[in-house]
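The residues making up each chain are set out below.
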Amino acid sequence: MITPTFSVDQDENAIIITINTPYVRAQDVDLHVQGNEFRFFLRPYFLRLSFPGNIVEDDDSVAKYDPSSGQFIVRVTKETKGEHFSDLDLLSKLLARKGEASEEPKKKPLIEVIGGDDNDQQPDEEIQEAIDFNWELPQELPSAEILTTASYGFNNQYSGYFTHVQETMNEINDIPDPEKSTPESRRRDRNEAEDAKFDEDYYAMDYINDEEIQAVIQFKTIWHKELRRMQKNVKEQQSKAPLIQEVGEPQGVEGLLDMKSLKITDSAESLIKFTEKEQAMMRDLPKKEYLLSNEKITYLGLVDLLFAYSYNHRIFEGEDSVESVWCVGKTSPSIACLEQFTTLREVVVASYRRVLAYPLYRNFALCEKVLQDVYVLMRLGKRSILKALLSVKDMFDHHDVYYVYSKIWLDDYCTWIQHASDHVLRTLAHELHHFSVSKNEIGWDLEEIETVSVYVFSDEACIKSV
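Just so you know, these numbers come straight off a predicted model, no measurement behind them.

Considering the pairing of strand E7 (residues 62-66)
In the sheet, E7 pairs with strand E8 (residues 71-78) via five bridges, with the strands oriented antiparallel. Bridge pairing in E8 places lysine 64 opposite isoleucine 73. The turn joining E7 and E8, which pair antiparallel and follow one another in sequence, is formed by four residues; a positive phi near 70 degrees is taken by glycine 70.

Spelled out as structure tokens, the structure:
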């Protein structure tokens, strides 16, 4: 069976599903609605969606086929009129089904839950979960004694991907023998590689001659613009009166809806739109949920990936280049060194060190600006995060060597983030907003290098002026 391309929208009373099925006979279609599940079957297409609330098939439900566009438009009534169904644009989440077996090899996941209902966890439990996260409390990583083979990647569920890494022209990898490594040895190898790569002269020149870097720092990313728009919308909504307004009936002709006229009142959803390409990528993601062995490590790994993405996004002013896949991979400790972190300070310091040792612009103020970019992404929520992760995944998917990092990190992160706790993401964004790293924590005497470089530059300027 083929999963057709589709989109889902809603109004106050119904869910509207648009399904693309070109070159079919419409009379052979089979539709089924039960509880929160919707099924569509029309050979060779099959679509099964699980919604966050219940739907019913009644007299107001209607399905129409447009042969010119090859689209079915199905309108299904909500069981509770006026209920808002969240996350209808997160297609992988809609496709996930409770109780469905994973198509992944059995040896990969340590523990995972396939499908599931987001409503199983009550809001107060999610809030308590967010409160319980201590981002600065260190935890123990698995010791080498209990590891029979090297495991790495998302939820430590992968191995064997780097057996012949030395023969693959992998310029991102910084671990000599990943398949025989441990979490401790990877951290040691990473620190040693960064110490060897850090160039004091390079850093000093970027500190003194920072015209281009300052222009990069001043660049306004699309995410900053989105956050400003969101804040502006919230202020406008708060200033409107009356507090309760009457909503008119949706406009349509004989059951057919004008899809473009439908608006979702949640501003967080209305501001972030997925492209057709991103929707196709979401449909191809693994259809599963995860019971993580260490949830905190997973959230901290997300900070690492978003930092690398944000650095690349900023220095290339929102446009990817041929160097972007290397830039993101090399500046990410999780990707380049298969690292895991147990505190927020660990991951931020490691990300700073990568940026100050490897890429084109190596500047501490730029690192601080990139950290603000990560905060903005976290503040905007899981849709913005997902778009960023899909952008990174697209880079790696199309590379002959680096595609393995999509398999061990990005596929799972793109799936997992759709089910991640909004409350935990908000608490993590709050921590990032008030987080700072001193130059002494980096370990390379940055303040001394800056002082000497200013002194030398002043002397050279005086000599030239004589």
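Let's talk about the sheet that holds strand E5 (residues 45-50)
The three strands lie next to each other as E3-E4-E5, forming an open sheet whose pairing is antiparallel. Where the open sheet ends on each side, the last strands, each with one partner, are strand E3 (30-34) and E5. Here the strands of the sheet are splayed against their neighbours by 5 degrees on average, with no regard to which way each runs. Two strands pair when backbone bridges link them, and strand E4 (residues 37-42) and E5 are joined in this way by six bridges, in the antiparallel orientation. Its bridge partner lying in E5, phenylalanine 38 is registered against leucine 49.

Some thoughts on the nonpolar core
Ranked by size, the top nonpolar core spans 119 residues in total, and within it Phe38, Phe51 and Phe396 carry the most contacts. Sequence-distant contacts of phenylalanine 51, that is, excluding residues within four places in its chain, are made with Val8, Ile15, Ile17, Asn36, Phe38, Phe85, Leu88 and Leu94.

What to know about helix H13 (residues 364-380)
Taking 1.5 Å as the rise per residue, H13 with 17 residues should run 24 Å; its terminal C-alpha atoms sit 25 Å apart, in good agreement. For H13, the N-terminal cap is asparagine 363; the gap from its side-chain oxygen to the backbone nitrogen of alanine 365 is 2.9 Å. Just beyond H13, the residue with positive phi is glycine 381, at close to 105 degrees.

Some remarks on the pattern of salt bridges
Taken as a whole and judged by the stated rule, the model has 23 salt bridges. As a salt-bridge pair, glutamate 339 and arginine 190 come within 2.8 Å of each other at their nearest N and O atoms. One end of the pair, glutamate 339, is in the loop between helix H11 (333-337) and helix H12 (344-357); the other, arginine 190, is in helix H3 (residues 183-197), and 149 residues separate them in sequence. As far as burial versus exposure is concerned, glutamate 339 and arginine 190 are alike and both buried. Notably, a salt bridge pairs aspartate 195 with arginine 353, separated by 2.9 Å at the nearest N-O pair. Placement of aspartate 195 in helix H3 and of arginine 353 in helix H12 is noted, with a sequence separation of 158 residues between them. Under the relative-accessibility criterion, aspartate 195 is labelled partly exposed at 43%.

Observations regarding the packing of aromatic side chains
Overall, the coordinates contain 17 aromatic pairs when judged by the stated rule. With a centroid separation of 5.4 Å and an interplanar angle of 65 degrees, the aromatic rings of tyrosine 152 and phenylalanine 162 are classed as edge-to-face. Placement of tyrosine 152 in the loop between helix H2 (123-132) and H3 and of phenylalanine 162 in the loop between H2 and H3 is noted, with a sequence separation of ten residues between them. Aromatic pair tyrosine 299 and tryptophan 416: ring centres 4.9 Å apart, planes at 75 degrees, arrangement edge-to-face. Remark: tryptophan 416 occurs in helix H15 (residues 404-416) and tyrosine 299 occurs in helix H9 (residues 295-315); sequence separation between them is 117 residues. Each member of the pair, tyrosine 299 as well as tryptophan 416, carries the same accessibility label: buried.

About the cut-offs
- Residues numbered from 1 in each chain as written.
- Predicted model: local features only at pLDDT ≥ 70, side-chain atom pairs only at ≥ 80, totals over all residues.
- Heavy atoms only, no water.
- Pairing = 2+ DSSP bridges.
- Helix = DSSP H or I, 4+ residues; strand = E, 2+ residues; numbered from the N terminus.
- Axes fitted to C-alpha atoms, helices over the stretch in contact; angles between N-to-C directions.
- Core = buried A, V, L, I, M, F, W, Y, C linked by side-chain atoms within 4.5 Å.
- Buried < 20%, exposed > 50% of the residue type's maximum accessible area, 1.4 Å probe, protein only.
- Contact = heavy atoms within 4.5 Å.
- Expected span 1.5 Å × (residues − 1).
- Polar contact = N/O pair within 3.5 Å; in protein donor to acceptor, adjacent residues only side chain to side chain.
- Salt bridge = Lys/Arg side-chain N within 4 Å of Asp/Glu carboxyl O.
- Phe/Tyr/Trp six-rings, centres within 6.5 Å; stacked < 30°, edge-to-face > 60°.

It is worth stressing that arrangement in space is one thing and function is another; only the former is reported here.
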